[in-house]
Amino acid sequence: MESIDRKVAKSLLDIKAVTLRPDEPFKWASGWLSPIYCDNRRILSYPELREEACRQMAGIISEKFPEAEVIAGVATGAIAHGMLIAHILKKPFIYVRPKPKDHGTGSQIEGSVEKGAKVVVVEDLISTGSSSLSAVDALVKAGVNVLGMTAIFSYNFNQARRAFEVADIELYTLTNYDTLIEVARETGYIKDSDMELLKEWRFSPSTWGKKEE
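### Re the overall build of the chain
Of the regular secondary structure elements, the chain holds seven helices and 10 strands. For 213 residues, the compact-globule estimate of 2.2 N^0.38 gives 17 Å, and the chain sits close to it at 18 Å. Viewed in the frame of its principal axes, the chain has a C-alpha envelope of about 50 × 50 × 30 Å. For the chain, with 213 residues in total, the buried portion stands at 45%. Positive and negative charge centroids in the chain, built from 27 and 30 side chains respectively, lie 4 Å apart.

What follows is the structure in C-alpha coordinates.
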(Lines give C-alpha, C1' and ligand atoms only; values in the text may rest on other atoms or scores of the structure.)
Protein backbone atom coordinates (compact mmCIF):
# COMPACT_ATOMS: atom_id res chain seq x y z
CA MET A 1 0.00 0.00 0.00
CA GLU A 2 1.36 3.40 -0.99
CA SER A 3 2.35 5.67 1.90
CA ILE A 4 0.37 8.87 2.54
CA ASP A 5 3.33 11.16 1.85
CA ARG A 6 3.91 9.61 -1.58
CA LYS A 7 0.18 9.53 -2.38
CA VAL A 8 -0.24 13.23 -1.54
CA ALA A 9 2.93 14.14 -3.45
CA LYS A 10 1.61 12.32 -6.52
CA SER A 11 -1.74 14.11 -6.18
CA LEU A 12 0.00 17.51 -6.09
CA LEU A 13 1.85 16.60 -9.27
CA ASP A 14 -1.33 15.29 -10.92
CA ILE A 15 -3.13 18.61 -10.44
CA LYS A 16 -0.02 20.53 -11.56
CA ALA A 17 0.38 22.25 -8.20
CA VAL A 18 4.14 22.02 -8.70
CA THR A 19 6.01 24.26 -11.15
CA LEU A 20 9.70 23.86 -11.97
CA ARG A 21 11.34 27.02 -13.29
CA PRO A 22 15.12 27.06 -12.64
CA ASP A 23 15.87 29.51 -15.48
CA GLU A 24 13.35 32.06 -14.18
CA PRO A 25 13.25 31.49 -10.39
CA PHE A 26 10.30 32.44 -8.24
CA LYS A 27 10.94 35.16 -5.65
CA TRP A 28 9.49 34.64 -2.20
CA ALA A 29 8.42 37.35 0.27
CA SER A 30 11.57 36.54 2.24
CA GLY A 31 13.69 37.51 -0.78
CA TRP A 32 14.75 33.91 -1.39
CA LEU A 33 14.86 32.67 -4.98
CA SER A 34 13.35 29.28 -5.76
CA PRO A 35 13.52 27.03 -8.84
CA ILE A 36 10.34 25.26 -7.75
CA TYR A 37 6.95 26.36 -6.51
CA CYS A 38 4.27 24.29 -4.78
CA ASP A 39 0.79 25.82 -4.77
CA ASN A 40 -1.31 23.77 -2.35
CA ARG A 41 -4.28 26.09 -2.81
CA ARG A 42 -5.01 24.30 -6.08
CA ILE A 43 -6.24 21.40 -3.93
CA LEU A 44 -9.34 23.45 -3.11
CA SER A 45 -10.48 23.15 -6.74
CA TYR A 46 -10.46 19.33 -6.65
CA PRO A 47 -13.24 18.04 -4.37
CA GLU A 48 -12.01 14.45 -3.92
CA LEU A 49 -8.43 15.51 -3.21
CA ARG A 50 -9.60 18.36 -0.99
CA GLU A 51 -11.70 15.99 1.09
CA GLU A 52 -8.95 13.36 1.30
CA ALA A 53 -6.30 15.89 2.40
CA CYS A 54 -8.57 17.37 5.06
CA ARG A 55 -9.61 13.95 6.34
CA GLN A 56 -5.97 12.90 6.60
CA MET A 57 -5.11 16.05 8.55
CA ALA A 58 -8.16 15.59 10.77
CA GLY A 59 -6.89 12.05 11.43
CA ILE A 60 -3.48 13.38 12.44
CA ILE A 61 -5.12 15.79 14.90
CA SER A 62 -7.30 13.05 16.38
CA GLU A 63 -4.28 10.76 16.82
CA LYS A 64 -1.58 13.21 17.89
CA PHE A 65 -3.67 15.83 19.69
CA PRO A 66 -6.79 14.03 20.99
CA GLU A 67 -7.38 16.73 23.61
CA ALA A 68 -7.72 19.48 20.96
CA GLU A 69 -10.71 21.76 21.54
CA VAL A 70 -10.35 24.35 18.75
CA ILE A 71 -8.87 24.37 15.23
CA ALA A 72 -7.02 27.50 14.07
CA GLY A 73 -6.20 28.26 10.43
CA VAL A 74 -3.38 30.58 9.38
CA ALA A 75 -4.59 33.31 7.03
CA THR A 76 -5.04 33.21 4.22
CA GLY A 77 -3.79 29.94 2.74
CA ALA A 78 -5.06 27.64 5.50
CA ILE A 79 -8.43 29.23 6.28
CA ALA A 80 -10.37 26.96 3.92
CA HIS A 81 -8.52 23.78 4.87
CA GLY A 82 -8.74 24.60 8.57
CA MET A 83 -12.47 25.25 8.43
CA LEU A 84 -13.10 21.95 6.61
CA ILE A 85 -10.98 20.08 9.15
CA ALA A 86 -12.85 21.73 12.02
CA HIS A 87 -16.12 20.68 10.35
CA ILE A 88 -14.94 17.06 10.09
CA LEU A 89 -13.87 17.06 13.75
CA LYS A 90 -16.95 19.03 14.85
CA LYS A 91 -14.71 21.60 16.57
CA PRO A 92 -14.92 25.40 16.75
CA PHE A 93 -12.82 27.23 14.16
CA ILE A 94 -10.81 30.44 14.34
CA TYR A 95 -8.20 31.98 12.08
CA VAL A 96 -5.13 34.10 12.66
CA ARG A 97 -4.13 37.09 10.55
CA PRO A 98 -0.44 37.91 9.87
CA LYS A 99 -0.96 41.08 11.93
CA PRO A 100 -3.82 42.88 13.68
CA LYS A 101 -6.31 44.71 11.44
CA ASP A 102 -5.61 48.42 11.07
CA HIS A 103 -9.32 49.17 11.19
CA GLY A 104 -12.48 48.08 12.99
CA THR A 105 -11.78 46.00 16.08
CA GLY A 106 -8.07 45.65 15.30
CA SER A 107 -8.34 41.90 15.79
CA GLN A 108 -5.61 39.48 14.77
CA ILE A 109 -7.51 36.38 15.82
CA GLU A 110 -10.93 36.06 14.19
CA GLY A 111 -13.61 33.97 15.84
CA SER A 112 -14.29 33.09 19.45
CA VAL A 113 -11.74 31.32 21.64
CA GLU A 114 -11.38 31.32 25.40
CA LYS A 115 -8.14 31.68 27.31
CA GLY A 116 -6.62 28.32 28.11
CA ALA A 117 -8.35 26.61 25.17
CA LYS A 118 -6.38 23.75 23.62
CA VAL A 119 -5.77 24.66 19.99
CA VAL A 120 -4.18 22.92 17.00
CA VAL A 121 -2.97 25.17 14.18
CA VAL A 122 -3.52 24.23 10.52
CA GLU A 123 -1.20 25.44 7.74
CA ASP A 124 -1.18 24.71 4.03
CA LEU A 125 2.59 24.98 3.54
CA ILE A 126 5.70 25.38 5.70
CA SER A 127 8.68 27.18 4.17
CA THR A 128 10.87 29.12 6.65
CA GLY A 129 8.26 28.62 9.37
CA SER A 130 8.21 32.33 10.15
CA SER A 131 4.56 33.10 9.34
CA SER A 132 3.37 29.84 10.89
CA LEU A 133 5.15 30.48 14.17
CA SER A 134 4.01 34.12 14.17
CA ALA A 135 0.45 32.79 14.25
CA VAL A 136 1.41 30.55 17.17
CA ASP A 137 2.88 33.57 18.98
CA ALA A 138 -0.34 35.54 18.49
CA LEU A 139 -2.37 32.68 19.94
CA VAL A 140 -0.04 32.27 22.92
CA LYS A 141 -0.22 36.01 23.63
CA ALA A 142 -4.00 35.67 23.62
CA GLY A 143 -3.69 33.08 26.39
CA VAL A 144 -4.35 30.06 24.20
CA ASN A 145 -2.67 26.68 24.76
CA VAL A 146 -1.19 25.67 21.37
CA LEU A 147 -0.79 21.89 21.23
CA GLY A 148 0.91 21.70 17.82
CA MET A 149 0.49 22.16 14.09
CA THR A 150 -0.36 20.15 11.01
CA ALA A 151 0.22 21.13 7.38
CA ILE A 152 -0.14 19.71 3.90
CA PHE A 153 3.46 20.26 2.80
CA SER A 154 6.86 21.29 4.15
CA TYR A 155 10.00 22.22 2.24
CA ASN A 156 11.96 20.60 5.10
CA PHE A 157 14.37 23.51 5.44
CA ASN A 158 16.85 23.21 8.29
CA GLN A 159 15.92 26.74 9.35
CA ALA A 160 12.27 25.78 9.75
CA ARG A 161 13.07 22.59 11.68
CA ARG A 162 15.25 24.53 14.10
CA ALA A 163 12.60 27.23 14.50
CA PHE A 164 9.92 24.69 15.41
CA GLU A 165 12.29 22.96 17.83
CA VAL A 166 13.12 26.27 19.55
CA ALA A 167 9.42 27.15 19.75
CA ASP A 168 8.70 23.64 21.10
CA ILE A 169 5.90 23.13 18.57
CA GLU A 170 5.19 19.66 17.19
CA LEU A 171 4.65 19.69 13.43
CA TYR A 172 3.08 16.91 11.33
CA THR A 173 2.77 17.20 7.54
CA LEU A 174 1.09 15.05 4.90
CA THR A 175 4.08 15.23 2.58
CA ASN A 176 7.37 17.07 2.12
CA TYR A 177 9.89 18.36 -0.40
CA ASP A 178 12.16 15.30 -0.40
CA THR A 179 9.26 12.96 -1.13
CA LEU A 180 7.82 15.35 -3.72
CA ILE A 181 10.93 15.62 -5.89
CA GLU A 182 11.60 11.87 -5.67
CA VAL A 183 8.06 11.06 -6.85
CA ALA A 184 8.38 13.80 -9.51
CA ARG A 185 11.56 12.14 -10.83
CA GLU A 186 10.01 8.66 -10.81
CA THR A 187 6.94 9.83 -12.74
CA GLY A 188 8.90 11.89 -15.28
CA TYR A 189 7.55 15.20 -13.98
CA ILE A 190 11.15 16.34 -13.66
CA LYS A 191 14.32 15.04 -15.30
CA ASP A 192 17.13 13.21 -13.53
CA SER A 193 19.36 16.14 -14.45
CA ASP A 194 17.14 18.47 -12.38
CA MET A 195 17.64 16.53 -9.16
CA GLU A 196 21.09 17.89 -8.30
CA LEU A 197 19.91 21.48 -8.67
CA LEU A 198 16.78 20.85 -6.60
CA LYS A 199 18.75 19.18 -3.81
CA GLU A 200 21.34 21.99 -3.86
CA TRP A 201 18.60 24.60 -3.47
CA ARG A 202 16.96 22.65 -0.64
CA PHE A 203 20.12 22.88 1.49
CA SER A 204 20.99 26.54 0.80
CA PRO A 205 17.77 28.33 -0.20
CA SER A 206 18.81 31.72 1.21
CA THR A 207 21.81 32.03 -1.13
CA TRP A 208 20.75 29.95 -4.14
CA GLY A 209 20.57 31.83 -7.42
CA LYS A 210 22.03 35.05 -6.04
CA LYS A 211 25.07 36.54 -7.69
CA GLU A 212 28.03 37.23 -5.46
CA GLU A 213 28.70 40.90 -4.86
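### Examining the pattern of salt bridges
Throughout the structure, instances matching the rule amount to 10 salt bridges. Its salt-bridge partner being Arg55, residue Glu51 comes within 3.1 Å of it at the nearest N-O pair. Within this pair, Glu51 and its partner Arg55 are both found in helix 2 (residues 47-64), separated by four residues, close to a single helical turn. The partner of Arg97 in a salt bridge is Glu110, with the nearest N and O atoms 3.0 Å apart. Here the residue Arg97 occupies a position in the loop between strand 6 (93-96) and strand 7 (109-110), and Glu110 occupies one in strand 7, the gap between them amounting to 13 residues. We classify Arg97 as partly exposed; its relative accessible area is 25%. For Glu110, a relative accessible area of 17% corresponds to the buried category. Among the ionic contacts, a cluster of salt bridges with common partners joins Glu182, Arg185 and Asp192.

### Overview of the side chain of Asn40
Assignment of secondary structure puts Asn40 in the loop between strand 4 (36-38) and helix 2. Residue class for Asn40 comes out buried when judged on its relative accessible area of 1%. Those residues in contact with Asn40 that sit more than four places away from it in its chain are Leu12, His81, Asp124, Leu125, Ile152 and Phe153.

### Some details on the sheet that holds strand 5 (residues 70-74)
Here we have six strands laid out as an open sheet, ordered 7-6-5-8-9-10, and mixed in their pairing. Among the strands making up the open sheet, the edge pair consists of strand 7 and strand 10 (171-176). Where strand 9 (residues 145-154) lies against strand 10, five bridges are found, and the strand directions are parallel. Residue pairing in the sheet places Thr150 in a bridge with Tyr172 of strand 10.

### Thoughts on the packing of aromatic side chains
The final tally for this structure, using the stated rule, is 13 aromatic pairs. With centroids separated by 5.3 Å and ring planes inclined at 35°, the aromatic side chains of Phe26 and Tyr37 adopt a geometry described as tilted. Taken together, the positions of Phe26 in strand 2 (residues 26-27) and Tyr37 in strand 4 put the pair 11 residues apart, joining distant regions of the chain. Members of the aromatic cluster, each reached through a chain of ring pairs, are Trp28, Trp32, Phe153, Tyr155, Phe157, Tyr177 and Trp201. Here Arg21 stacks its cationic end above the ring of Phe26, 3.9 Å away from the centre of that ring. Taking the ring centre of Phe203 as reference, the NZ or CZ of Arg202 above it sits at 4.5 Å.

### Description of helix 3 (residues 79-89)
Three or more residues of helix 3 are buried, namely His81, Gly82, Ile85, Ala86 and Leu89. For helix 3, the angular spread of buried residues about the axis comes to 135°, placing them on one side. Check the buried side of helix 3 and you find it contacts helix 2, strand 5, strand 6, strand 8 (118-126) and strand 9. Directly after helix 3, the chain includes Lys90, whose backbone phi takes a positive value near 55°.

### What to know about unusual backbone geometry
Backbone torsion omega between Ala75 and Thr76 reads -5°, so that peptide bond is classified as cis. Examined against the element boundaries, Thr76 turns out to sit in the loop between strand 5 and helix 3. Phi at Asn156 is positive, roughly 60°, even though this residue is not glycine. With respect to the helices and strands, Asn156 occurs in the loop between strand 9 and helix 5 (158-167).

Each value, and the rule that gives it
- Residues numbered from 1 in each chain as written.
- Predicted model: local features only at pLDDT ≥ 70, side-chain atom pairs only at ≥ 80, totals over all residues.
- Heavy atoms only, no water.
- Helix = DSSP H or I, 4+ residues; strand = E, 2+ residues; numbered from the N terminus.
- Rg over C-alpha atoms; globule rule 2.2 N^0.38 Å.
- Buried < 20%, exposed > 50% of the residue type's maximum accessible area, 1.4 Å probe, protein only.
- Lys, Arg positive; Asp, Glu negative; His and termini not counted.
- Charge placed at Lys NZ, Arg CZ, Asp CG, Glu CD.
- Salt bridge = Lys/Arg side-chain N within 4 Å of Asp/Glu carboxyl O.
- Contact = heavy atoms within 4.5 Å.
- Pairing = 2+ DSSP bridges.
- Phe/Tyr/Trp six-rings, centres within 6.5 Å; stacked < 30°, edge-to-face > 60°.
- Lys NZ or Arg CZ within 6 Å of the ring centre and 35° of its normal.
- Arc of directions from axis to C-beta.

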